[in-house]
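Tertiary structure, described
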Amino acid sequence: EAGVTQFPSHSVIEKGQTVTLRCDPISGHDNLYWYRRVMGKEIKFLLHFVKESKQDESGMPNNRFLAERTGGTYSTLKVQPAELEDSGVYFCASSRGLASDTQYFGPGTRLTVL
Amino acid sequence: AQKITQTQPGMFVQEKEAVTLDCTYDTSDQSYGLFWYKQPSSGEMIFLIYQGSYDEQNATEGRYSLNFQKARKSANLVISASQLGDSAMYFCAMRIPNSGYSTLTFGKGTMLLVSP
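The notes below deal with the structure included here. (Residues numbered from 1 in each chain as written. Chains lettered and ligands numbered in written order. Predicted model: local features only at pLDDT ≥ 70, side-chain atom pairs only at ≥ 80, totals over all residues. Heavy atoms only, no water.)

A word on the overall build of chain A. Counting secondary structure elements, chain A contains zero helices and eleven strands. The C-alpha atoms of chain A give a radius of gyration of 13 Å, which matches the 13 Å a tight globule of 114 residues would have. Principal-axis analysis of the C-alpha atoms places the extent of chain A at approximately 40 × 25 × 25 Å. Carbon and sulfur atoms form 49% of the exposed surface of chain A, whose accessible area is close to 5,600 Å². Charged side chains in chain A number 13 positive and 13 negative. The centres of these two groups are separated by 3 Å. (Helix = DSSP H or I, 4+ residues; strand = E, 2+ residues; numbered from the N terminus. Rg over C-alpha atoms; globule rule 2.2 N^0.38 Å. Areas by Shrake-Rupley, 256 points an atom, 1.4 Å probe, with all protein chains shown as cover. Lys, Arg positive; Asp, Glu negative; His and termini not counted. Charge placed at Lys NZ, Arg CZ, Asp CG, Glu CD.)

Once that is clear, we can look at the environment of Thr60 of chain B. Residue and element names in this part refer to chain B. Structurally, Thr60 can be placed in strand 7 (residues 60-61). In this structure Thr60 comes out as exposed when scored by relative accessible area, which is 55%. Distance from Thr60 to Gln8, taken between C-alpha atoms, is 22 Å for residues 52 residues apart in sequence. Ignoring anything within four residues of it in the chain, the contact list for Thr60 reads Ile49 and Ser65. (Buried < 20%, exposed > 50% of the residue type's maximum accessible area, 1.4 Å probe, protein only. Contact = heavy atoms within 4.5 Å.)

All names here are of chain B. One can find Gln51 in strand 6 (residues 46-52). A polar side-chain atom of Gln51 sits 3.0 Å from the main-chain carbonyl oxygen of Gln57. Polar side-chain contacts of Gln51 include one of 2.8 Å to the backbone nitrogen of Ala59. Those residues in contact with Gln51, other than ones at most four positions away along the chain, are Tyr32, Gly33, Leu34, Gln57, Asn58, Ala59, Leu66 and Phe68. (Polar contact = N/O pair within 3.5 Å; in protein donor to acceptor, adjacent residues only side chain to side chain.)

To continue, consider a positive patch on the surface. On the surface, a cluster of positive charge is made up of Lys41 and Lys44 of chain A together with Lys3 and Lys108 of chain B. With respect to the helices and strands, Lys41 of chain A occurs in the loop between strand 4 (31-37) and strand 5 (43-50). On the accessibility criterion, Lys41 of chain A (48% relative accessible area) is partly exposed. (Patch = residues over 30% accessible without salt bridge, like charges linked within 9 Å, V, L, I, M, F, W, Y side chains within 5 Å. Salt bridge = Lys/Arg side-chain N within 4 Å of Asp/Glu carboxyl O.)

Moving on, we get to the interface of chain B and chain A. The interface of chain B with chain A comprises 19 residues on the first partner and 23 residues on the second. Summing both sides of the interface, chain B and chain A together bury roughly 1,800 Å²; the carbon and sulfur share of this comes to 60%. The interface formed by chain B and chain A holds zero salt bridges in total. If you look at where chain B meets chain A, you find three residue pairs in polar contact (both at pLDDT 80 or more). Only strand 5 (33-39), strand 10 (88-95) and strand 11 (104-106) of chain B provide two or more residues apiece to the side of chain B that touches chain A. Residue classes in the side of chain B that touches chain A are distributed as ten nonpolar, six polar and three charged. (Buried area = accessible area lost by both parts, 1.4 Å probe. Nonpolar A, V, L, I, M, F, W, Y, C, P; charged D, E, K, R; others polar.)

As structure tokens, this is what we get:
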């Protein structure tokens, strides 16, 4: 069974540009989460999809961030326009369906905004 | 609000020795889950072990065990017989089930270095 995959692994952009991160969850996992780790800080929750619906987006920092999960399969996280403070590692995780299910993480996308 | 505290920014251990990574948590909920993840230099987050708040036995997974002390709100990870490949960042995390859907709250992590 393939794990959670994320693309790209690294992205370097200039302030003001747009970047789109992609996450492919484990097949059959209804729950998809986005997290972010800014250098030296804790990993912070951004949002949670159940299938194609946003269950919880309380962690989204501002309206420059837009997440979608069309069809309930893969998800994209767009940052537009990117700011310096958006730099960090963006993790995606997925779980099968219950609150007790373990979340399995992808390798992350390292975003650097110059 | 939930909080996870990992007080050890870095730990050093010699190969084949055991090491304990500390984790304390703060929550007023009675039902919660505690997790440990490993992040090697390659970047991926690897799930290691899970402990439910109502589990009476400490969780074990191979060389990993979780020393769960509920009254002290601690969930320390014990790695027995350390190996060089155990060198990585280790994160403790907590989940509070909420209407069946829940997210993880993480600590800042502990960097473990295993020397030959």
